[in-house]
Amino acid sequence: MSLSKKIALTTANLTKSFGTLIAVDNVSFTIEEGSIVGVLGPNGAGKTTMIRLITGIFELESTSQVKINSSDLTHSPKLLKKEFGIVPEVSNAFLDFSVWQNLTFAGTIYGLSKAQIKEKAQELLKRFDLENKIHDKTKTLSEGLKQRLNVCLALLHNPSIIILDEPMSGLDPFSVDIVRNQILELKREGKTILLTTHNMQEAQKVCDRVLIMNKGKIIADQSPEDLLKKIKPYTNLSFKINTLLSQEQNNELKSIFQFIELKNDQVNIVSSNPLRDIKKFNDFVEKYDLSVSNFKLIESTLEEVFIHLIKNDTLGGVGNETH
Ligand SMILES: Nc1ncnc2c1ncn2[C@@H]1O[C@H](COP(=O)(O)OP(=O)(O)OP(=O)(O)O)[C@@H](O)[C@H]1O
Ligand SMILES: [Mg+2]
């Protein structure tokens, strides 16, 4: 079925360094027309920097490439900015403008006529339930309302590819619902969508494909269902040790458990076999006659397990662990 689909966005060898830090490290991927791709990754993974490269905000290296449909726009940053509908990480709406003034201004920048702006802006305000805020100054809007305006601003010129950098962050469930439904509606209209998020469950609800980014690299590219299958069997075990551990004891714990985090007196173990690992931990505690409190077993806390696994660069191996 995917064979017949057109590729809407092609990126190749995207790279960006800040001094010695390689924020985006030779990233390449394609997105099929009409699909939603989510980029998931911890803070600092390089998601926003990658988006800034794709959308012409950062200059591309000579070896990089960005194509929309089959047009190579690598050397046309102005066109890239226009071709996409962009919801940036930091809003570029003018805070002293009213909602309507921001829409009118953005429409003018995109070269729309007054009549076109009016028609499209009214449609978007309705879709994003902002009609009663039309004359309000943007700075008086709550974060969620502002974010809904940001999405309207990105859609004004009817772009075929929409890129949203954490569109759901800071939104209440009502706004999440509106934005999520509108993202799905855009897909039904045939738009191609790239979004970033930290939220695995959110990605599962809207994305056809998920790219996992860590330390500037795409470390996994799969359907949300396949990703969840890898993550779900994990449980978080957390303990408080009431004695300061020696360096040797720390090292011993790290050699016993594949996924362990030690912070002061707090021990977190991500486990695919909680009974086995509780027993192992108990053996360790008895061996050194330690006292332990605040034991918690948290079933499938997807976010924590997910972030833990990608931070440890172990996602590729998850699910292959032998017992
Ligand atoms: N303008 C800049 N100057 C220097 N370093 C930068 C700049 N922008 C980003 N970085 C660094 O590049 C890395 C990637 O940052 P980026 O903002 O792309 O991450 P992110 O995945 O979007 O994170 P978050 O989830 O927090 O939004 C980080 O280490 C960040 O500190
Ligand atoms: Mg970011």
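Cut-offs and rules
Residue positions are given per chain, counted from 1 along the sequence in the order it is written. Here every chain gets a letter starting at A, and every ligand a number starting at 1, in the order they are written. Selection of residues for local features in this predicted model requires a pLDDT of at least 70, selection of side-chain atom pairs for listing and counting requires 80 or more, and totals for whole chains, interfaces and linings are taken over all residues. Segments assigned H or I by DSSP are reported as helices when at least four residues long, segments assigned E as strands when at least two residues long, and all are numbered from the N terminus. Here a residue counts as buried when 20 or more other C-beta atoms sit within 10 Å of its C-beta, as exposed when there are 12 or fewer, and as partly exposed otherwise, the C-beta atoms being derived from the backbone. Two residues qualify as a contact pair if the distance between their C-beta atoms, derived from the backbone, is within 7 Å. For two strands to pair, DSSP has to find at least two bridges joining them. Comment: axis = line fitted to C-alpha atoms, over the contacting stretch for helices; angle = value between 0 and 180 degrees taken between N-to-C directions. As used here, a nonpolar core is made of buried Ala, Val, Leu, Ile, Met, Phe, Trp, Tyr and Cys residues. They are joined through C-beta atoms within 7 Å.

(A) Local environment of the environment of Ala 8. Here Ala 8 shows up in strand β1 (residues 7–18). By C-beta crowding, Ala 8 is classed as buried, having 21 other C-beta atoms within 10 Å. Each C-alpha atom of the pair Ala 8 and Ile 161 lies 7.7 Å from the other, and the pair is 153 residues apart in sequence. Leaving out residues up to four positions away in the same chain, Ala 8 has contacts with Ile 31, Glu 32, Glu 33, Ile 68, Asn 69, Ser 160, Ile 161 and Thr 192.

(B) Focus on the sheet that holds strand β9 (residues 209–214). The six strands lie next to each other as β6-β7-β8-β3-β9-β10, forming an open sheet whose pairing is mixed. Each having just a single partner strand, β6 (84–87) and β10 (217–222) make up the two edges of the open sheet. Shown here is a sheet whose adjacent strand axes are inclined to one another by a mean of 15°, direction ignored. Two strands pair when backbone bridges link them, and strand β3 (residues 36–40) and strand β8 (residues 192–197) are joined in this way by five bridges, in the parallel orientation. Bridged to Val 39 within β8 is Thr 196. In the packing of helix α1 (residues 47–54) onto the sheet, the strands contacted are β3, β7 (161–165), β8 and β9, and the crossing angle to β7 comes to about 150°. Against the sheet, helix α6 (residues 173–188) engages β3, β7 and β8, with an angle of about 155° to β8.

(C) Broad picture of the nonpolar core. One finds Leu 103, Cys 152, Leu 153, Leu 156, Ile 162, Ile 163 and Leu 194 to be the most contacted residues of the largest nonpolar core, which totals 63 residues. Ranked by residue count, the leading element in this core is helix α5 (residues 143–155), at six residues. Other than its neighbours up to four places away in sequence, Leu 194 contacts Leu 9, Ile 31, Val 37, Val 39 and Ile 163. Residues Phe 257, Ile 260, Val 270 and Phe 281 belong to the second largest nonpolar core, which totals ten residues.

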